[in-house]
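Per-entry structural report
Listed here are the chains, written in short residue letters.
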Amino acid sequence: MPRSGTRPRLRLLHTSDVHLGAYDYRGADEGSRAALEAGFRRVIDIGIAEGVDLALIAGDFFDNARVREETLAFAAEQLARLDRPVVIAPGNHDHVGPHSVYDRRDLSATAQNVTVMRQQDGETVAVDGLEVEVWARSHTETLPDFRPFEGVPPRGDAAWQLGVGHGHFIHPNALLHHSFHILEEHLVEAQRDYVALGHWEQMTRVAAGELGEAAYSGAPIGLGGESGGHVLIVDLQEDGAVTLRAVPLAEGAPHLAHDDLPYLRGLR
Ligand SMILES: [Mn+2]
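Described in the following lines is the structure provided in the data block. (Residues numbered from 1 in each chain as written. Predicted model: local features only at pLDDT ≥ 70, side-chain atom pairs only at ≥ 80, totals over all residues. Heavy atoms only, no water.)

Within this structure, the stated rule accounts for 14 salt bridges. Here R245 makes a salt bridge to E50, at a shortest N to O gap of 2.9 Å. With R245 in strand 14 (residues 242-248) and E50 in the loop between helix 1 (30-49) and strand 2 (54-58), this pair connects stretches of sequence that are 195 residues apart. Comparing R245 with E50, the two get one shared label, buried. The closest approach of N and O atoms between R155 and D193, which form a salt bridge, is 3.1 Å. (Salt bridge = Lys/Arg side-chain N within 4 Å of Asp/Glu carboxyl O. Helix = DSSP H or I, 4+ residues; strand = E, 2+ residues; numbered from the N terminus. Buried < 20%, exposed > 50% of the residue type's maximum accessible area, 1.4 Å probe, protein only.)

This is the structure in structure tokens:
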């Protein structure tokens, strides 16, 4: 959503679907658990190495509300290690409301840099010291018809306007067969510079141009056991341009440039 005038450069880290604690149940494979934690440690390493200004976690950070205490402590320690502002929007696995995983431990007690979005009607977080505002709506498990971008308010005053949402982006020609719908018209309404999406395990750009840039970061470590995940580094440029780059978790592997990222077919 390029706008005239000069804006401060800003670099974001966008990740989602980390599913910390997915292997915390009794009898689960310890190796898988270790790999998942190593993956998230690497996500934080990448954020530090890339010198990001802000990190967005677009839902399903935790796999469920019954994760081990050690997992909560691990998450808080890693987020603190990044030492940059982190905004977490909930997903369908880590909703807010009654029995939320986020009510078990105040992450910000360890990681003062963390904000968890909790408002069902949506809220805007202004990040201290940065010309950026982040909007998201949260939800509870009792709202199957939840639409993450329904009722998105107009852009605010800060130079950069971001959105975060967890759900299915619905191709304009698709049948509506999932829940947590994110419609193209929602992105038109949002008019955000960047919309960070979560829920899909595959990194995918779903919108560009007049719709503003919107993408799924994909999971850093897929729960299907596949490795080779990425995080997205998002550069917000002075002229309003938004450029994505996928950084692989595998050290030394090539980065994927903006134009080489998977893009949902048939979109404008
Ligand atoms: Mn999900």
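Having seen it, we continue.
In this sheet, strand 12 (residues 213-216) lies alongside strand 11 (residues 204-207) in antiparallel orientation, the contact comprising three bridges. Bridge assignment links A207 to a residue of strand 12, and that residue is A214. Between strand 11 and strand 12, which pair antiparallel and follow one another directly, the connecting turn spans five residues, one of which, G209, has a positive phi of 65°. (Pairing = 2+ DSSP bridges.)

The next thing to look at is unusual backbone geometry. Non-glycine residue D83 carries a positive phi angle of around 60°. For D83, the location among the structural elements is in the loop between helix 2 (69-82) and strand 3 (86-89). Phi at Q191 takes a positive value of approximately 50°, unusual for a residue other than glycine. Classification of Q191 as partly exposed rests on a relative accessible area of 30%.

With that out of the way, let us pick up the coordination of the manganese ion. D60 (OD), N92 (OD1), H166 (NE2) and H199 (ND1) make up the full set of protein donors to the manganese ion, lying at 2.1 to 2.2 Å. The sequence pattern describing where the donors of the manganese ion fall on their chain is D-x31-N-x73-H-x32-H. Residue N92 is found in the loop between strand 3 and helix 3 (107-110), and its partner H166 is found in strand 7 (residues 160-166); the two are separated by 74 residues along the sequence. The class of N92 is partly exposed, set by a relative accessible area of 24%. (Donors = N, O, S within 2.8 Å, 3.2 Å for Na, K, Ca; no water.)

With respect to the helices, strands and loops of the structure, H199 is situated in the loop between strand 10 (194-198) and strand 11. Looking at H199, its side chain comes within polar contact range of the side chain of H166, at 2.8 Å. Look past the residues within four positions of H199 in its chain and what remains in contact with it is S16, D17, D60, N92, H166, G167, H168 and Y216. (Polar contact = N/O pair within 3.5 Å; in protein donor to acceptor, adjacent residues only side chain to side chain. Contact = heavy atoms within 4.5 Å.)

Turning to the sheet that holds strand 5 (residues 123-126), a few remarks are in order. Reading across from one edge, 5-6-7-10-12-11 is the order of the six strands in this open sheet, with mixed pairing throughout. The open sheet has two free edges, formed respectively by strand 5 and strand 11, since each of these has just one partner strand. Taken pair by pair, the neighbouring strands of this sheet meet at an average axis angle of 25°, ignoring direction. (Axes fitted to C-alpha atoms, helices over the stretch in contact; angles between N-to-C directions.)

Here the focus is the environment of I44. Looking at the element boundaries, I44 is found in helix 1. Given a relative accessible area of 3%, I44 falls into the buried group. Considering only alpha carbons, one finds I44 and A55, 11 residues apart in sequence, at a separation of 9.4 Å. Those residues in contact with I44 that lie beyond four places of it in its chain are Q78, R81 and L82.

The strand order across the open sheet formed by seven strands is 4-3-2-1-13-14-15, and the pairing between neighbours is mixed. Taken across any chain shown, the strands that pair with only one partner, and hence form the sheet edges, are strand 4 (114-116) and strand 15 (256-257). In this sheet, strand 15 lies alongside strand 14 in antiparallel orientation, the contact comprising two bridges. Along strand 15, the bridge assignment pairs A246 with L256. Each of strand 2, strand 3 and strand 4 touches helix 2; the most contacted strand, strand 3, lies at about 140° to it.

Ranked by size, the top nonpolar core spans 37 residues in total, and within it F40, F61, F62, L79, I88 and Y102 carry the most contacts. Counting only elements with at least two residues in this core, the list comes to helix 1, strand 2, helix 2, strand 3, strand 4 and strand 13 (230-236). Not counting residues within four places of it along the chain, the set of residues in contact with F40 comprises V18, L20, F61, F74, Q78 and L79. Core analysis: the next-biggest nonpolar cluster, separate from the first, contains 29 residues, L54, A58, L130 and V134 among them. (Core = buried A, V, L, I, M, F, W, Y, C linked by side-chain atoms within 4.5 Å.)

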